[in-house]
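Fold and contact review
Take a look at the letters that make up each chain.
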Amino acid sequence: MSTAQGAITGDGAPAIIAVRDVVKTFGAVRALDGVNLAVPPGIVYGLLGPNGAGKTTLIRILATLLRPTSGRVEVAGVDVVANATAARTRIGLAGQFAAVDGYQTGRENIEMVGRLYGLSPRQARRRTEEVLDGVDLGQAADRLVRTYSGGMRRRLDLAASLVGRPPVLYLDEPTTGIDPANRMELWGLVEELVAGGTTVLLTTQHLEEADRLAARIGVIDQGQLIVEGTADELKDTLGGSVLELATAEEHETTAVQVLARVAGDEPAYDAERARLRVRAPDGSRTLIAADDVFLSLTGHPTGQAPPAAAEAHPGSAPQGRPGQPAGAGHTPGGPAARPASEGQRR
Amino acid sequence: MTSTVDPFATGAATPARVRVTALDAVRDTLVMSRRNLRRTVRLPQLVVFATIQPVMFLVLFNYVFGGAISQTLPPAAGGAYINWLMPGIIVQTLLFGASQTAIGLTEDLVGGVVDRFRSLPMARSAVLAGRTLGDLVRNVGVMTLMLLIGFVLGFRAQTSWTGLLAGVALALLFSYAISWVMATLGLLAKNPEAAQSGVLLPIFPLVFASSVFLPTTTMPWWLQAFADNQPITHVVNAARGLMLGEGALPAGHSVTGQVLVALAWTVAIGLVFAVVSVAMYRRAVQ
Ligand SMILES: Nc1ncnc2c1ncn2[C@@H]1O[C@H](COP(=O)(O)OP(=O)(O)OP(=O)(O)O)[C@@H](O)[C@H]1O
Ligand SMILES: [Mg+2]
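Residues numbered from 1 in each chain as written. Chains lettered and ligands numbered in written order. Predicted model: local features only at pLDDT ≥ 70, side-chain atom pairs only at ≥ 80, totals over all residues. Heavy atoms only, no water.

Focus: the overall build of chain A
Which entries qualify depends on this criterion: Helix and strand assignments follow DSSP, with helices taken as H or I runs no shorter than four residues and strands as E runs no shorter than two, numbered in order from the N terminus. Only protein chains enter the calculation, and the probe is 1.4 Å; a residue is then buried if its accessible area is under 20% of its type maximum, exposed if over 50%, and partly exposed in between. Two residues qualify as a contact provided that any one of their heavy atoms is within 4.5 Å of a heavy atom in the partner residue.
Each helix and strand in chain A was counted, giving 10 helices and 15 strands. Per-residue burial over chain A gives 56% buried out of 346 residues. Long-range contacts, defined here as pairs at least 24 residues apart, represent 67% of the contacts in chain A between residues at least 6 apart.

Some details on the coordination of the magnesium ion (ligand 2)
Around a metal, the perfect tetrahedron of four donors has angles of 109.5 degrees, and the perfect octahedron of six donors has angles of 90 or 180 degrees. Residue and element names in this part refer to chain A. In plain terms, the rule: Counted as donors are the N, O and S atoms within 2.8 Å of the metal, or 3.2 Å for Na, K and Ca, while water is not among the atoms, so some sites may look incomplete.
Protein ligation of the magnesium ion (ligand 2) involves Thr56 (OG1) and Gln96 (OE1), the donor distances falling in the range 1.8 to 2.1 Å. Here Thr56 is found in helix α1 (residues 55-62), whereas its partner Gln96 is found in the loop between β6 (91-94) and α3 (106-116), with 40 residues between them in sequence. Accessibility expressed as a relative area gives 25% for Thr56, which makes it partly exposed.

What to know about the side chain of Ser277 of chain B
If you trace the backbone, Ser277 of chain B turns up in helix α11 (residues 255-283). Ignoring anything within four residues of it in the chain, the contact list for Ser277 of chain B reads Leu128, Trp180, Ala183, Thr184 and Leu187 of chain B.

Some details on the sheet that holds strand β1 (residues 17-26) of chain A
Residue and element names in this part refer to chain A. Under the convention used in this document: Criterion used throughout: strands pair if DSSP finds at least two bridges between them. Lines fitted to the C-alpha atoms define the axes, with helices restricted to the stretch that makes contact. Angles between their N-to-C directions range from 0 to 180 degrees.
One open sheet accounts for four strands, arranged β2-β1-β4-β5; its pairing is antiparallel. For this open sheet the edge positions go to β2 (29-39) and β5 (78-79), each flanked by a neighbour on one side alone. Sheet contacts for α1: β1, β2 and β4 (70-75); angle to β1, the most-contacted strand, approximately 120°.

Focus: the nonpolar core
Test applied: Residues grouped as a nonpolar core are buried Ala, Val, Leu, Ile, Met, Phe, Trp, Tyr and Cys residues, joined through side-chain atoms within 4.5 Å.
If you look at the biggest cluster of nonpolar residues, it comprises 66 residues, and the most contacted ones within it are Leu158 of chain A together with Phe117 of chain B. If we ignore the near neighbours within four places in the chain, the residues touching Leu158 of chain A are Ala94, Val135, Leu169, Leu171, Leu186 and Leu189 of chain A.

Let's talk about the pattern of salt bridges
Definition in use: By definition here, a salt bridge exists when the distance from a side-chain nitrogen of Lys or Arg to a carboxyl oxygen of Asp or Glu is within 4 Å.
Taken as a whole and assessed by the stated rule, the structure comprises 19 salt bridges over all chains. With a shortest N-O distance of 3.0 Å, Arg216 of chain A and Glu228 of chain A are connected by a salt bridge. Here Glu228 of chain A lies in strand β10 (residues 224-230) and Arg216 of chain A lies in strand β9 (residues 216-221), a separation of 12 residues in the sequence. This pair shows no difference in class: Arg216 of chain A is buried, exactly as Glu228 of chain A is. In this structure, Asp135 of chain B engages Arg138 of chain B in a salt bridge whose closest nitrogen and oxygen atoms are separated by 3.7 Å.

Below you can see the structure in the form of structure tokens.
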């Protein structure tokens, strides 16, 4: 079986997006530092990471906008560097900032994109109606885009990415700056697309979003994929593990109080090493647990600068495994989340 | 490269384009130029820039300088400065107009629309070719307006209609070549503010140190040496020769010879900068 680089995803399925050992440097900045990723077809894959983690850089490489410094990337079996045009017929991109034209109407924007995908004028017109209705912009189609609200622009951008019916769709922080009602609508749309067979790679800083939409989640930080698996697996990884936190002495009491609340277990203070140790909540599947995952994996909460070193040691305590007591919703037999560092060469 | 993953097996329609052919490149260029023209018509400052400003220049130069200058002009001008001015100011207007190529391109770059274009299976060259073609079409419109106002002010070609049209065509061709220079400058400048100053600033001395407004004979020797040998002077002289006859040219030049020199400059500038700018645009994806 010859798939993209022979990449097999965690589910044993052949990958539709395959990223191998990708490094991207901007001068001295290592934006991507050896990323490996295999996304099975037909799912939403959530790429979760704080500001500057490298999410946009990875998306831009996958969308042929940037070339990797080293490593290989294939989408739907096509090498994006060697065969960019073929790759472009298979992808749709809604970037972090809406790439729409203020001095054209919504309809003109989408028709133009349709024509540039190679559709005939008639096909482009028909398809434009479909996607504009799909993102609920039919009413505003004939207004200049400069009069659109931020949310409308994002939806128009999404419509533009759908014109070519791409089997692979990249959404870079699609709900940033979107109000809750529009966010729900966008989530519904993504679910519809996936039900129709599209593979969606979505970046987000919001755990709620990844948890809600993504069948698999990868956590990226400082250019490295530090862990990946299903949402449940990620929580299980933490479920059996011990979280270690280094705190300044004067904050110890506060830290103990906060941890006791989220962990549901009494934290112990290891005076010798000046560390707080707490057993992470077993099988908890709440958002707070997800936030713990994030904190423990990246060492800092979403969107904030790293605090004094907080380290997770998934290996320092029994891992969450099938058979071990776990909360509701656990899928026995599923492979545990693999910390990505296992397969990483540094 | 074979794959067991069929990207279109899941209800998605096959995209219409898998490879970009030469015909696709032409179609994409037309689509892009239409998009740029829409923008030109809808942006009020661009409309002003393309209509009122050149007309104002024409009227001011004609009435402010005309009286003092018309006596000193070669007889080929027919005693009216407007006849002398028209071929020059046409070229000047087109040069200023071409700067929009650079500014518009940088606006696309910073606005992120170019990211959209780059992620599409379209001809890479069409982003630039569409921009320069759109600007050429706009220039045809500007040119028509200028000629109409010029006629009202008393401009008459001293040769023939054919001479007039040939002169206009030459000026348009030159402006198209300059659009490619502007595309290159835009890609270098990367943002509209830098493009604005970086492009208009060099145009001013180039336009004034030429035969656009006056014969170069009264300039100091060092300036004249420059003015007589730069492409703008060659193009303006050629257009003037076509519209007013050989008497409008510096001694020892024939209209045909001057037109050939102007064409050589135009083609050389256009080719070099088209190649450079398209290569720069492609390389920007790194
Ligand atoms: N063109 C560039 N030149 C220099 N550095 C860059 C460039 N693009 C990205 N970087 C750097 O690479 C790193 C990753 O940036 P990237 O935009 O991929 O992060 P991100 O995960 O998308 O962040 P955010 O959530 O803020 O959008 C950052 O340190 C950033 O400063
Ligand atoms: Mg980003």
